[in-house]
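Reading the structure
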Amino acid sequence: MLLDRELARLDARRSQLLTRRTWLLSVLGTAGAAPAPAPGPWGPPRGRAPVAPWGPAPVAPWGPAPGQPAPAFGPPASAPRAHSAQNVLLVLGGLLLTVAALAFTLVSWGDMGIGGRSAVLTAVTAGALVAPAALLRRGLSSTAEALAGLASVLMVLDAYAVYEVAVPEADGAGYAATASAVLAVLWAAYGLLLDRLRLPLPLAVCTAQLPLVLWAWAEGAGPLWFAGALLVTAALDGALALRLGRASVRITACVGLCVTGGAGLLVALVESLTAGGPAGAVAPGALLLAGAGLALAGARTAPEPFGAAGGTVAGLAAVAAVGGVAAAGVPDGWPVLVYLLCGGALLAGVRAPLGRAAARGLVRASGVVTAGAVLVSLPPVTVVAAGPVTRLGGVWSGVPDSAREAVGAGELPWREMVAAPVVLLLVAVALGAAYRWWEDLVRWAGLGARPAWRGAAGSAAVALAWAGLTVLPAALDLSFAAALAGQLVLVVAAFAVAVGGLRVGASGVALTAGVTGSAGAVGAGLLSLATEAATYTAFGLLVVVFTAVAVALEARAAGARTPGPVAVRAASACAAVGCALVPTAALGASLGLAVHETAPLLLAVPAVTALLGARLKGHPVALPVEVTGAAAGPVAVAMALGDARFLALVLALCGVLASGTALRPERRPLAGYLATGLFVLAAWVRLSVSGVSAPEAYTLPVTVPALVIGVLRRRRDASASSWTAYGAGLAVTLVPSLFAAWTDPHWLRPLLLGAAALVITLLGARLRLQALLVLGGAVLALDALHELAPYVVQVAGALPRWVAPALAGVLLLAVGATYEKRLRDARRLKEALGRMR
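What counts, and where the lines are drawn
- Residues numbered from 1 in each chain as written.
- Predicted model: local features only at pLDDT ≥ 70, side-chain atom pairs only at ≥ 80, totals over all residues.
- Heavy atoms only, no water.
- Helix = DSSP H or I, 4+ residues; strand = E, 2+ residues; numbered from the N terminus.
- Expected span 1.5 Å × (residues − 1).
- Buried < 20%, exposed > 50% of the residue type's maximum accessible area, 1.4 Å probe, protein only.
- Arc of directions from axis to C-beta.
- Contact = heavy atoms within 4.5 Å.
- Phe/Tyr/Trp six-rings, centres within 6.5 Å; stacked < 30°, edge-to-face > 60°.
- Lys NZ or Arg CZ within 6 Å of the ring centre and 35° of its normal.
- Salt bridge = Lys/Arg side-chain N within 4 Å of Asp/Glu carboxyl O.
- Polar contact = N/O pair within 3.5 Å; in protein donor to acceptor, adjacent residues only side chain to side chain.
- Patch = residues over 30% accessible without salt bridge, like charges linked within 9 Å, V, L, I, M, F, W, Y side chains within 5 Å.
- Areas by Shrake-Rupley, 256 points an atom, 1.4 Å probe, with all protein chains shown as cover.

1. Digging into helix α10 (residues 282-301)
For an α-helix the count is 3.6 residues per turn, leaving residues at separations of three or four pointing the same way. Taking 1.5 Å as the rise per residue, α10 with 20 residues should run 28 Å; its terminal C-alpha atoms sit 29 Å apart, in good agreement. Among the residues of α10, Pro284, Gly285, Leu287, Leu288, Gly291, Ala292, Ala295 and Ala299 are the ones counted as buried. Along the axis of α10, the buried residues cluster in a sector spanning 160°; they form a single face. Exposed positions of α10 whose direction lies more than 90 degrees from the buried face are Arg300 and Thr301. In this structure, the buried residues of α10 make contact with α8 (223-243), α9 (247-273), α11 (304-327) and α13 (356-386).

As structure tokens, then:
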């Protein structure tokens, strides 16, 4: 039965191959005729039932698996792929013919007479122009497009040939303008006649961009004439884009409109900005107004996106036209204000019957003008905001002559920047009014607006108001006292706005006011460093302000369902603590104390914050306040490094503060260890100051009772850590003895210390006590290093210089070769230490 099935399968395969052979022979034998349809999918011959294979259904090597459709054996290339290949061939052919025509015109032209030249070009061009009509009738559109492109190139060569033969003395620019106009008309007529061709009409639109500009060039016209030619060309492009229905023509016309219209408006704008007076700005302004009118006319009938773009261009051009004439007659520095006022007046056009899209474009144009005016006015703000940093180089150097000198900006051209605060404040007032009467404004304009835009307007109003008021004292050249007072008042006002914004739910306005208030506080603080009185006044006020903000936010959080972010309240409280550090440090300088003598005064701030933290207990602001106050401790230690006695005093005072903090259960783990370490450090420093050469006489009486207490603690509580029981007692003696051994020229102390450290290490390993093992091993290793260091140096000096890098390389190779094993050993060592108590 199995043999019968296989024979039947072979018979079916033979029938399929014979059918395929017959079809291939019919295709090869009928040249030019349509090929015969390909046979269907391979399968068993018609009338014979398919034979199922024996066992599982494997995929036969000569056909598809049973039940799966077999692939058709038609022509291998699909229709789109064949069409793409045809286009590639046609483009390559057209390019080759174009290159040949160029070579003939430029190289072989002189070898023929005038008759031969005319006959050849006329015949070839006429043939290339007539052939697409016949090809379109036969349905060969791709070939017709290729020949139409060749004909376009030949027409350009014909124009060049006429210039070289008939009118060689004519002006090149004028002839090019006339030729481009004629070619544009011919290509337009040709494209309308053969409307199935896609190339001629866009090519006519492209060529139509040149005549007016080239005629202006030929006549030697000035920039305004060029601008006028470009604007007229742009008007024609706009008409074509709005009136014609073919997409390719409209896209080409839109591109030409953008290029020529943009170039014309740009030329007119440059002429308006560089005009010597109002009279000189009238002509460029007229061109800009004409361009605005054209853009507005197109925006009324264009689709929504293009209408909005046209309205924006029209608004910008109108502002440049009117503002250019008015700005040409004002002093330097004030033209930006003129343009800003013109941009604001542009908003009145939203009520005109221009269409919704054009009205949106006018609003965008007004926004662009306003943003440009603000950007131009920001450089003096940057200078004034960053200028107080220069006070760090001259703390308490005296009262500056003026506000400009206080910020290091006395040499700047303030005559040209005097309008900056006016511009910023005017924009801030406008945005603030828009924020206040937002609903009425949107209703009056008749344009939809997102709710988020109102918040953005309010935030921008706050930021610009702060910027304008910050630069105002320097712009008016006020005194230093007036400038500092203005900065402090501005800080108070900014934080008042921030708190008020949080109360009414204006989070964006509150955030912006808080950021600007913080920046103003930093600037005012730096500015106050000029004199002693200003420092105490400014930082005292800042402490009060930040404390009041924290209290106000806490009161709001207590009375609200959602208390709001804790970070804002914590930041205000921490800022108050930071500001309190400055007058505390300045008090030492006022009393004539040295730097190390001033260090203990700083510890008054962490003492107050520790008491405040105990009062606040579990309040979320308590920990940030205590951490900020504790940051004064390292500063005090750094200030006391110049005198060891004061350093011991500061360390002891810090230990006292840490001990007081450790009385609270929630701070006990960290503060307790910190207090112990600080007291030990203070004792070591004090022993060093006292000239003690044998610290063991003072440390052993402390170590022995501490170890006895540790043993008793471990007996009562076997789970207690060895670090808690023995760590402090051992460190009190081992660490000072190690420092003494490193500076001792004799051998007895290092020997005794090494022996004691060895015993402690062995006890730690035997009793599995981590503190003994780590402390003893570390002290033993450092002591041995100290003793062996001279001999290592001698050996290293006696060896050749290449030995050290060679040994380092061998060590690295050994470690690299056994890296995995060393890593496992390190993990086991870590686990072993972790299991110790």
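2. Let's talk about helix α22 (residues 566-590)
Look at α22: 37 Å from first C-alpha to last across 25 residues, which is about the 36 Å you get at 1.5 Å a residue. Immediately beyond the C-terminal end of α22, within one or two residues, lies Gly592, with a positive phi of roughly 75°.

3. Regarding the packing of aromatic side chains
Considering all chains together, one arrives at 3 aromatic pairs under this definition. For the ring pair Tyr163 and Tyr175, a centre distance of 5.0 Å and an interplane angle of 35° mean the geometry is tilted. With Tyr163 in helix α4 (residues 141-165) and Tyr175 in helix α5 (residues 172-193), this residue pair connects regions lying 12 residues apart in the sequence. Ring centres of Trp396 and Tyr536 lie 6.5 Å apart, and the angle between their planes is 45°; this geometry places the pair in the tilted category. Note that Trp396 is positioned in the loop between α13 and α14 (403-406) and Tyr536 in helix α21 (residues 532-559), a separation of 140 residues in sequence. When the ring centre of Tyr435 is taken as reference, the NZ or CZ atom of Arg454 above it lies at 4.8 Å.

4. Remarks on the pattern of salt bridges
Here the structure, examined in full by the defined rule, presents 9 salt bridges. Where Arg569 meets Glu554, a salt bridge forms, and the shortest distance between an N and an O atom there is 3.0 Å. Of this pair, Arg569 sits in helix α22 while Glu554 sits in helix α21, placing them 15 residues apart in sequence. Classification of Arg569 by relative accessible area gives buried; the value is 7%. For the salt bridge of Glu626 with Arg664, the shortest nitrogen-to-oxygen distance reads 2.8 Å. A residue pair is termed long-range when its members are at least 10 positions apart, and Glu626 in helix α25 (residues 622-630) and Arg664 in the loop between α27 (644-662) and α28 (668-689) qualify at 38 residues. Here Glu626 matches Arg664 in class, with each residue buried. Via salt bridges that share partners, Glu626, Arg664, Glu666 and Arg667 belong to a single interconnected network.

5. So, the side chain of Asp643
Along the chain, Asp643 falls in the loop between α26 (632-639) and α27. A distance of 3.3 Å separates a polar side-chain atom of Asp643 from the backbone nitrogen of Phe646.

6. Considerations on a nonpolar patch on the surface
A surface patch of nonpolar side chains, amounting to about 470 Å² of accessible area, comprises Trp747, Leu748, Leu751 and Leu752. Given a relative accessible area of 52%, Leu752 falls into the exposed group.

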